[in-house]
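Observations on the model geometry
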Amino acid sequence: MSIKHPIVAITGSSGAGTTSVTRTFENIFRREEVDAAIIEGDSFHRYDRAAMKTAMAEAEKNGKPHFSHFGDDANLFGELENLFRNYGETGTGRARKYLHNAEEAEPFKQPPGTFTPWQDLPPSEMLFYEGLHGGVKTAGVDIARHADLLIGVVPVINLEWIQKIHRDKATRGYTTEAVTDVILRRMHEYVEYICPQFTRTHINFQRVPVVDTSDPFIARTIPTADESLVVIRFANPKGIDMPYLLSMLHDSFMSRANTLVVPGGKMELAMQLIFTPMILRLVERRRKALAS
């Protein structure tokens, strides 16, 4: 954690909705004129798309059926922790981009599914990370301890699967059966690496559908925001103005002393109300430290 070089991290699994949360933060950064270096977690995968397919086949052949993007073997946890540590100490570090599709790859004249070269980050006021592993802690690394603000985005599991199935079928051309195989292969490392992160977060956002999602593998549509509630859990509610949030978020209520429940359609507004003052405090603290 760093006063002069703060780090904000969004963590959640594939299909959880972290990308939508990132857009909310980008709006906050733009509106409040905060210069943030934005890092995507995919850029710290160990393998590009082609190499990952080879590594998965090798793992399967060697009796490791649970090899996936969720685990240690397929990621550069040490390099990610080094980035967080270096940024916290110096305000800089090295990063790269993972090019997901042809549109992202075209400016770099590279094939989709590859990485750009490692480069030094440009000057910035804070680091913003969005990906799978912002709160990971293993025997060898502790990425979570470097974040000044660590946020979990974690729909209930059936909703997460529905979102992943629909996204992968629409954007990657997968069949339901193929996505189901991915979910099953990742389950062991989901339990080992993804779930424990949400006990280390400062705030969790969990979307809960209020329609039947009993069998996520046959769901025709993703439950809409209006068909959902969002459970917001604060690890430490001290300093959170709950009466203000309740007054601003219509039909919201508290289910526990540290838990706010809001209608799904109010999730972005809730994030704006909660995170804008937090971001401004981090920036103001940084500027005072640099001026002293």
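These notes cover the structure that comes with them. (Residues numbered from 1 in each chain as written. Predicted model: local features only at pLDDT ≥ 70, side-chain atom pairs only at ≥ 80, totals over all residues. Heavy atoms only, no water.)

To continue, consider the overall build of the protein. Counting its secondary structure elements, the protein contains eight helices and ten strands. Rg of the C-alpha trace for the protein: 19 Å, near the compact-globule value of 19 Å for 292 residues, within the 12% margin. Each of the three principal axes of the protein carries a C-alpha extent, and together these read 55 × 45 × 40 Å. Excluding contacts between residues fewer than 6 apart, the proportion of contacts in the protein whose partners are at least 24 apart in sequence is 74%. Accessible surface, the protein: about 14,500 Å² in total, of which carbon and sulfur atoms supply 53%. (Helix = DSSP H or I, 4+ residues; strand = E, 2+ residues; numbered from the N terminus. Rg over C-alpha atoms; globule rule 2.2 N^0.38 Å. Contact = heavy atoms within 4.5 Å. Areas by Shrake-Rupley, 256 points an atom, 1.4 Å probe, with all protein chains shown as cover.)

This part takes up the sheet that holds strand 1 (residues 7-11). In space, the eight strands of this open sheet follow the order 2-5-1-6-7-8-10-9, with mixed pairing throughout. The sheet is open, and its two edges are formed by strand 2 (36-40) and strand 9 (253-256), each paired on a single side. For this sheet, the mean inter-axis angle between neighbouring strands, taken without regard to orientation, is 20°. Where strand 7 (residues 203-209) and strand 8 (residues 228-234) come together, seven bridges link them in antiparallel fashion. Looking at the pairing, Arg207 lines up with Val230 of strand 8. Its contacts with the sheet put helix 8 (residues 267-291) on strand 1, strand 5 (126-131), strand 6 (149-153), strand 7, strand 8 and strand 10 (259-263), and the angle it makes with strand 7 is roughly 175°. (Pairing = 2+ DSSP bridges. Axes fitted to C-alpha atoms, helices over the stretch in contact; angles between N-to-C directions.)

On to the packing of aromatic side chains, then. Counted by the stated rule, this structure contains twelve aromatic pairs. Positioned above the aromatic ring of Phe115 is the side chain of Arg96, whose terminal nitrogen or guanidinium carbon lies 3.6 Å from the ring centre. The residue whose ring lies beneath Arg186 is Phe70, and the NZ or CZ to ring-centre distance is 4.7 Å. (Phe/Tyr/Trp six-rings, centres within 6.5 Å; stacked < 30°, edge-to-face > 60°. Lys NZ or Arg CZ within 6 Å of the ring centre and 35° of its normal.)

Bringing unusual backbone geometry into the picture now. Phi angles above zero are rare outside glycine, and Glu33 is one such case at about 55°. As for its position among the elements, Glu33 is in the loop between helix 1 (18-31) and strand 2. Residue Asp251 is not a glycine yet carries a positive backbone phi of 70°. Position of Asp251 relative to the elements: it lies in the loop between helix 7 (242-248) and strand 9.

Turning to the pattern of salt bridges, a few remarks are in order. A complete count under the given rule lists eleven salt bridges for this structure. Lys109 is paired through a salt bridge with Glu106; the nearest N and O atoms lie 2.9 Å apart. Residue classification places Lys109 among the exposed residues on the basis of a relative accessible area of 66%. Look at Glu106 and you get partly exposed, because its relative accessible area is 45%. The salt bridge partner of Arg285 is Asp148, with a shortest N-O separation of 3.5 Å. Linking Arg285 in helix 8 with Asp148 in the loop between strand 5 and strand 6, this pair joins segments that are 137 residues apart in sequence. Judged by relative accessible area, which is 12%, Asp148 ranks as buried. A network of salt bridges, in which partner residues are shared, links Glu81, Arg85 and Arg145. (Salt bridge = Lys/Arg side-chain N within 4 Å of Asp/Glu carboxyl O. Buried < 20%, exposed > 50% of the residue type's maximum accessible area, 1.4 Å probe, protein only.)

The next point concerns the environment of His66. Positionally, His66 belongs in the loop between helix 2 (49-61) and helix 3 (77-90). Residue classification places His66 among the partly exposed residues on the basis of a relative accessible area of 35%. Ignoring sequence-local partners within four residues, the contact set of His66 consists of Arg185, His188 and Glu189.

Quick look at the nonpolar core now. Phe25, Phe205, Ile232 and Phe275 are the most contacted members of the largest nonpolar core, which totals 34 residues. In terms of residues, this core owes the most to one element, helix 8, which gives ten residues. Core analysis: the second largest hydrophobic core is formed by 21 residues, Ala9, Ala95, Leu127 and Ala144 among them. (Core = buried A, V, L, I, M, F, W, Y, C linked by side-chain atoms within 4.5 Å.)

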